[in-house]
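Residue-level structure breakdown
Each chain is listed here by its residues.
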Amino acid sequence: MPVFVSFLRGINVGGHGKISMVALRELYGSLKLRDAQTYIQSGNVVFRSGQSGEAAIAKKIQTAIGKAFGFHPEVILRSAKELRAIIAANPFAKRKDVEPNKLVVIFLVTKPSAEVRAKLAELKGFPEELHLVGRELYVYFPVGMGQSKLPPVLDRILSAPATARNWNSVNKMNEMAAELEGRDRAEG
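Throughout what follows, the structure given in this document is the object of discussion. Since we're looking at a predicted model, the values are computed, not measured. (Residues numbered from 1 in each chain as written. Predicted model: local features only at pLDDT ≥ 70, side-chain atom pairs only at ≥ 80, totals over all residues. Heavy atoms only, no water.)

**So, the environment of Lys 18**
Relative to the helices and strands, Lys 18 resides in the loop between β1 (3-8) and α1 (21-30). Measuring from C-alpha to C-alpha, the distance between Lys 18 and Ala 56 comes to 24 Å, with 38 residues separating the pair along the chain. (Helix = DSSP H or I, 4+ residues; strand = E, 2+ residues; numbered from the N terminus.)

What follows is the structure, encoded as structure tokens:
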């Protein structure tokens, strides 16, 4: 059974969109999404599903959260295989000067248009370094994301649903997905 990772945007941030991770795991279980595991409080969930269609699964989760908690966070889904490819495609992988806690992957629902890609390429005057690969935007924040002026600019340029996770969290989610896949193989 395929393993997926969902990244929820805006969960438990600044007192808004509050959901306990226990309640979130229970909600996934009620949707027949199996073995749901969460990582930290920001809406990272690894699970197995026999259902097909990532967009349909994401919409189903978003709708269920809306009914249960009264708000509809963006739900961005990647398969375990896609997450491994995202890690393998890291354009900063061979650099020694990149601190993992300052490297962020912005997960986009869809691949950006040519216009968005051009606007990203034209960005100047920021210390951050950006690399767009498919539906992921890798951003290195040398002074940290909290100090950066870039995030609101990126929100305007991307103008599409997206959510960011730091490199350490991306790798942890990958480990969790691999463990769940391993359990699948052991049970099969």
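**Observations concerning the sheet that holds strand β6 (residues 129-133)**
Overall, antiparallel pairing links the four strands, which are arranged β6-β7-β5-β8 in an open sheet. Of all strands in the sheet, those with a lone pairing partner are β6 and β8 (162-166), marking the two edges. With strand direction ignored, the average angle separating the axes of adjacent strands in the sheet is 20 degrees. Here five bridges tie strand β5 (residues 103-108) to strand β7 (residues 136-140), and the two strands are oriented antiparallel to one another. Bridging across to β7, Ile 106 finds its partner in Leu 137. (Pairing = 2+ DSSP bridges. Axes fitted to C-alpha atoms, helices over the stretch in contact; angles between N-to-C directions.)

**A closer look at the packing of aromatic side chains**
This model, assessed by the stated rule, comprises four aromatic pairs. On the numbers, 4.2 Å between centres and 15 degrees between planes, the contact of Phe 7 with Phe 107 is stacked. With a gap of 100 residues between them, Phe 7 in strand β1 and Phe 107 in strand β5 connect regions that are remote in the sequence. Of the residues examined, Phe 7 reaches a relative accessible area of 0% and is grouped as buried. The buried category is assigned to Phe 107, whose relative accessible area is 0%. Measuring from ring centre to ring centre gives 5.3 Å for Tyr 28 and Phe 47, while their planes differ by 70 degrees; the resulting arrangement is edge-to-face. With Tyr 28 in helix α1 and Phe 47 in strand β3 (residues 44-48), the pair connects residues that are 19 residues apart, well separated along the chain. Per residue, the accessibility class of Tyr 28 equals that of Phe 47, and both read buried. Here the aromatic cluster, defined as three or more aromatic residues joined through ring pairs, consists of Phe 4, Tyr 28 and Phe 47. (Phe/Tyr/Trp six-rings, centres within 6.5 Å; stacked < 30°, edge-to-face > 60°. Buried < 20%, exposed > 50% of the residue type's maximum accessible area, 1.4 Å probe, protein only.)

**Digging into the nonpolar core**
In terms of nonpolar packing, the biggest core is built from 22 residues, with Val 46, Leu 83 and Phe 107 touching the most fellow members. Elements with a contribution of two residues or more to this core: β1, α3 (80-88), β5, β7 and α6 (167-187). At six residues, α6 tops the list of elements feeding residues into this core. In this structure, Ile 11, Leu 33, Ile 57 and Leu 77 belong to the second largest nonpolar core, which totals 20 residues. (Core = buried A, V, L, I, M, F, W, Y, C linked by side-chain atoms within 4.5 Å.)

**Quick word on the sheet that holds β1**
Sheets are built from strands that pair by backbone hydrogen bonding, the pairs being arranged parallel or antiparallel. Taking strand neighbours across the sheet as the criterion, the four strands line up as β2-β3-β1-β4 in an open arrangement whose pairing is antiparallel. Edge strands, defined here as strands with exactly one partner in the open sheet, are β2 (34-39) and β4 (75-79). Here the average twist between neighbouring strands, direction ignored, is 20 degrees. Relative to β3, β1 runs antiparallel, the two sharing five bridges. Bridge pairing in β3 links Phe 4 to Phe 47.

Everything listed here is a matter of geometry and, on its own, says nothing about what the molecule does.
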